[in-house]
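# Examination of the molecular architecture
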Amino acid sequence: MKNESEISLMLGIIQSQKWKICVPFCLCGLILPQQPDLFNHSPTEFSAVIIGQATIDNVPAEEGDWVGVFDDSENCAGAAEVELIDNRSVFILTIYGDDPATGEIDEGLTGSEPFTLQIYDSSASEFQIHGGSYWGWQDIQGQFLDLFTPDSILNLVDSLRLNQLQVIGSHNSYHIAPYDTLLGVIDVVAPDLAWTIDYTHLILEEQFLYYGIRQIELDIYRDPLGGLFANRLGNWLTGHYEDVHPDIPELYEAGLKILHFPDIDFDTRYLTFSHALEALKNWSDFYPRHVPIFVLIECKSDGLEDYFDDYPALEDFIETMQGIDTTLVYIEPIPFDIAGLEEAEAEIRNVFGDSLPGIITPDMVRGNYGTLEEAVLNGAWPTLGETRGKILFGLDNGGSLMNDYISGHPSLSGRILFVEANPGTPEAAFLGMNTPSDEITERVSEGYLVRTRSDTDTEEARSGDTSRRDEALESGAHFISTDYYRPDPRHESDTTWTDYSVRMPGDYFARVNPVSGPQEFSSLEFDLVNFNMIFDFTSTMDNKDFELTFPVGIFLHKNFPNPFNPSTTFQYDLPIRSHVTLVIYDILGKEVTRLVNTTQDAGYKTISWNSTDIHGKPVSAGVYLYQIKTGKFSHTRKMILLK
């Protein structure tokens, strides 16, 4: 059974002409008890949650309007009143599942029922109803989470430790490529440099929400007096003379700044470190059941001058421009020392709270062990259940800066950031290993957390080569850093780009680590933050006109339960009359039994399997595949039989 405190299955960006639901950016209050009679329902111990924002005819719904969900027998399975918060019409709708213990009483959805949504417009005394119906809760990738995942499975998943997970991260997560004119100038004088910086990231909230990014990287520069980076030489190079010293208030604030490097690669989603931290915390607070997010910080002092050795033509070009305008200068960043790291810790505490309640610190991991490394090598990383909704920070600098950070803090006692200390030292816990290799697998097996990169310098996005990506995923590295959690949008119109991207198998947001995790859970989604189910609301009708429509596409849902013993149920959607086969295979690809092999009418289909083969004999425990075929469509999923 799931309740609101255990799991939030959230739907967002639901829109049409009549009713549009979007993911809200603030948490709404408690649901009030008053509701229309049509939305009366019986709460049970099974539930999932929709968090949304409603408009009617593109106008925000009013307080007093209600949203409800209905099963295919027209029974209401949950309802919530709309509340007006910050000019947004927000609701939190708890959806209830039918309790099998009550027999014939129908309190809500069952595992084999589709659902529809309605909104009650109180001012017009009208109900608006979705013309289609859906199974389960669907995320942006088309995957489903089941309303009836039992506690036993959730508890097992939450018992996994952080070093038994694998997630996708984004590289230089704040970065925006130089605008076209500036990139064109760079391409003329330093084409190799232009090539490497031509990538752009979404804002952090969208990375987290829609692509499941659970590791980010922020480059920070010191600016204790403010205004150091309010100089953008690149704008002069492109004739934007008025923007050489842009009127951007954040640039003049004292504090750490975020950018790739000054003067020509300065565009960023977050001008200040504090701004990025606030975005991170706000999102985490709103979705408190997410898999922990790892924030890797690189402390930088590189300026334009540091690139001259690698790109001498760039130096010649800048000197020529300075001959034209003698006032033209480039930024000389402040060296990053321990004072800068103390500033970074202070900004983290300012945003997250001095006691760091939402942060996984080295002290938390070390516990009662003598050293941090001893704890790590003994598998003492906290569990997923203990750390959902939390953040951990790491330092992507070695050498004297790392040593100064460690000094006086053995095993990072009292520190916030994990560091990339060498194995065999008391502070060793996290390793940055940019190139996928067998050594990563060894270190993962030993218990260290490892971050690697699946692509570099836009190469893979241009060539489409996935070999490095695949090796990174197979290596067991916990954080797979990429610039392409989605394909570069230019690939649709420009053949110099490909549809290369980095996603987890099954499009999960997180998965069991292929090296250090228990593989019996490998088919389960456990981030529990899945979004972006899309509905179209096109008609206003009385409840008597409530009708279900046929599916809009072929779809094979996840079986339920999974893992199972001894039986499980399959659901699939047929939009038109079709010949269908549904076949069970063992892990070696040998056919076990054929559940369906016939022509069927359009509709929502359900069939169960009692874990027997084609001869009616029980099969052994293990991993099995189930595959649907109809016409040219084929889809295969994995399930686990326990005994």
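Residues numbered from 1 in each chain as written. Predicted model: local features only at pLDDT ≥ 70, side-chain atom pairs only at ≥ 80, totals over all residues. Heavy atoms only, no water.

An unreviewed UniProt entry lists the protein chain under the name FlgD/Vpr Ig-like domain-containing protein, with marine metagenome as the source organism.

### Considerations on the nonpolar core
Quick reminder of the rule: Residues grouped as a nonpolar core are buried Ala, Val, Leu, Ile, Met, Phe, Trp, Tyr and Cys residues, joined through side-chain atoms within 4.5 Å. Under the scheme applied here, a residue whose accessible area is under 20% of the maximum for its type counts as buried, over 50% as exposed, and between as partly exposed, the area being computed with a 1.4 Å probe on protein chains only. Starting at the N terminus, helices and strands are each numbered in turn, a helix being any DSSP run of H or I of at least four residues and a strand any DSSP run of E of at least two. Only heavy atoms matter for contacts: two residues are in contact if any of them lie within 4.5 Å across the pair.
The biggest cluster of nonpolar side chains holds 89 residues, and the ones touching the most others in it are Phe 273, Ile 348 and Phe 393. Looking at this core, the element that brings in the most residues is helix H6 (residues 273–286), giving seven residues. Not counting the four nearest positions on each side in its chain, Ile 348 is found in contact with Phe 273, Leu 277, Ile 297, Gly 353, Leu 356, Phe 393, Ile 416 and Leu 417. Listed in part, the 29 residues of the second largest apolar core include Val 185, Phe 229, Leu 259 and Met 321.

### Notes on the layout of surface pockets
The line we're drawing: A 1.4 Å probe that fits but cannot get out identifies a cavity on a 1 Å grid over protein atoms alone, an open set with protein on both sides within 12 Å along at least five of seven lines counts as a pocket, and a residue lines either if it has an atom within 4 Å of a point. Grid points are joined across faces, edges and corners, and a volume is the space filled by probe spheres set on the points. Nonpolar residues are Ala, Val, Leu, Ile, Met, Phe, Trp, Tyr, Cys and Pro. Charged residues are Asp, Glu, Lys and Arg, and all others, Gly as well, are polar.
Looking at the second largest pocket, its volume works out to about 430 Å³. Along the wall of the second largest pocket there are 25 residues; nearest its centre are His 171, Asn 172, His 260, Arg 453 and Asp 457. Those elements that place two or more of their residues in the lining of the second largest pocket are helix H3 (191–196), strand E13 (215–221), strand E15 (293–299) and strand E19 (449–453). For the lining of the second largest pocket, the element with the highest residue contribution is E13, accounting for three residues. Grouping the amino acids of the lining of the second largest pocket by side-chain chemistry returns eight nonpolar, six polar and eleven charged.

### Digging into the packing of H6 against helix H8 (residues 338–352)
To be explicit about the condition: A fitted line through C-alpha atoms serves as each axis, taken over the contacting stretch for helices, and the angle formed by two N-to-C directions is quoted from 0 to 180°. Put simply, a crossing is left-handed when the front helix is turned counterclockwise from the back one by less than a right angle, and right-handed when it is turned clockwise.
Closest axis-to-axis distance for the H6/H8 pair is 10 Å, and the angle between their directions is 35 degrees. Here H6 and H8 pass one another in a crossing that is right-handed. Judged by residue contacts, Phe 273, Ser 274, Leu 277, Glu 278, Leu 280 and Lys 281 of H6 engage Ala 344, Glu 347, Ile 348, Val 351 and Phe 352 from H8. Of the residues assigned to the contact of H6 with H8, the class counts are seven nonpolar, one polar and three charged.

### Comments concerning empty space enclosed by the protein
In total, this model carries two cavities of 30 Å³ or more according to the counting rule given. Here the largest cavity defines a volume of roughly 100 Å³. When residues in the lining of the largest cavity are grouped by element, the largest group, three residues, is from strand E12 (residues 165–170). By residue class, the composition of the lining of the largest cavity is eight nonpolar, two polar and no charged. If you go around the second largest cavity, you meet 13 residues; those closest to its centre are Phe 229, Arg 232, Leu 251, Leu 259 and Phe 266. For the lining of the second largest cavity, the class distribution of residues is eight nonpolar, two polar and three charged.

### Points about the sheet that holds strand E26 (residues 591–600)
Cut-off, in case you're wondering: The rule for pairing is simple: two strands pair if DSSP sees at least two bridges between them.
Strands sit in the order E26-E25-E28-E29 across an open sheet of four strands; the sheet is antiparallel. In this open sheet, the two strands that pair with only one neighbour each are E26 and strand E29 (633–641). In this sheet, neighbouring strand axes are inclined to one another by 15 degrees on average, regardless of whether the strands run parallel or antiparallel. Bridge count for strand E25 (residues 578–586) against E26 is eight bridges, and the pairing is antiparallel. Across the sheet, Thr 581 pairs through a bridge with Asn 597, a residue of E26.

### Remarks on the sheet that holds strand E27 (residues 603–609)
An order of E23-E24-E27 is seen for the three strands of this open sheet, with the pairing classed as antiparallel. Across the chains shown, the open sheet's two edge strands, defined by having one partner strand only, are strand E23 (555–556) and E27. In the sheet, E23 pairs with strand E24 (residues 568–574) via two bridges, with the strands oriented antiparallel. Note on E24: the bridge partner recorded for Leu 556 is Tyr 572.

### Examining the side chain of Asn 235
Topologically, Asn 235 is positioned in helix H5 (residues 233–237). Accessibility expressed as a relative area gives 6% for Asn 235, which makes it buried. Among all residues touching Asn 235, those that are not within four sequence positions of it are Tyr 179, His 240, Tyr 241, Asp 243, Val 244 and Phe 266.

### Here's the deal with the pairing of E12
Within E12, six of the six residues are buried, which leaves it mostly tucked inside the rest of the structure. Burial of the side chains of E12 extends over both faces: Leu 165, Val 167 and Gly 169 are buried on one face and Gln 166, Ile 168 and Ser 170 on the other. Two strands pair when backbone bridges link them, and E12 and strand E21 (residues 510–512) are joined in this way by three bridges, in the antiparallel orientation. Counted as the bridge partner of Gln 166 is Arg 511 from E21. The pairing of E12 with strand E20 (residues 479–482) spans four bridges and is parallel. Bridged to Gly 169 within E20 is Ser 481.

### Topic: the confidence of the model for the protein chain
To keep it simple, the criterion reads: Each residue carries a pLDDT score, the predictor's confidence in it, ranging from 0 to 100.
Across the protein chain, the average pLDDT comes to 83, with 82% of residues at 70 or higher. Counted against residues more than four places away or in other chains, residues 1–33, with its pLDDT under 50, gives 139 contacts. The model gives residues 528–549 a pLDDT under 50, and that stretch makes 93 contacts with residues more than four places away or in other chains.

### Some thoughts on the packing of aromatic side chains
Basically, it comes down to this: Side-chain rings of Phe, Tyr and Trp, where Trp is taken by its six-membered ring, are said to pair if the distance between their centres is within 6.5 Å; with planes under 30 degrees apart they count as stacked, over 60 as edge-to-face, and otherwise as tilted.
Enumeration according to the criterion identifies 15 aromatic pairs in this entry. Taking the centre distance of 4.9 Å and the plane angle of 65 degrees together, the rings of Phe 294 and Phe 430 count as edge-to-face. In this pair, Phe 294 is assigned in strand E15 and Phe 430 in strand E18 (residues 430–432), connecting sequence segments 136 residues apart. The same class applies to Phe 294 as to Phe 430, namely buried. Ring plane angle 85 degrees and centroid distance 5.8 Å describe the contact between Phe 308 and Tyr 330, whose orientation is recorded as edge-to-face.

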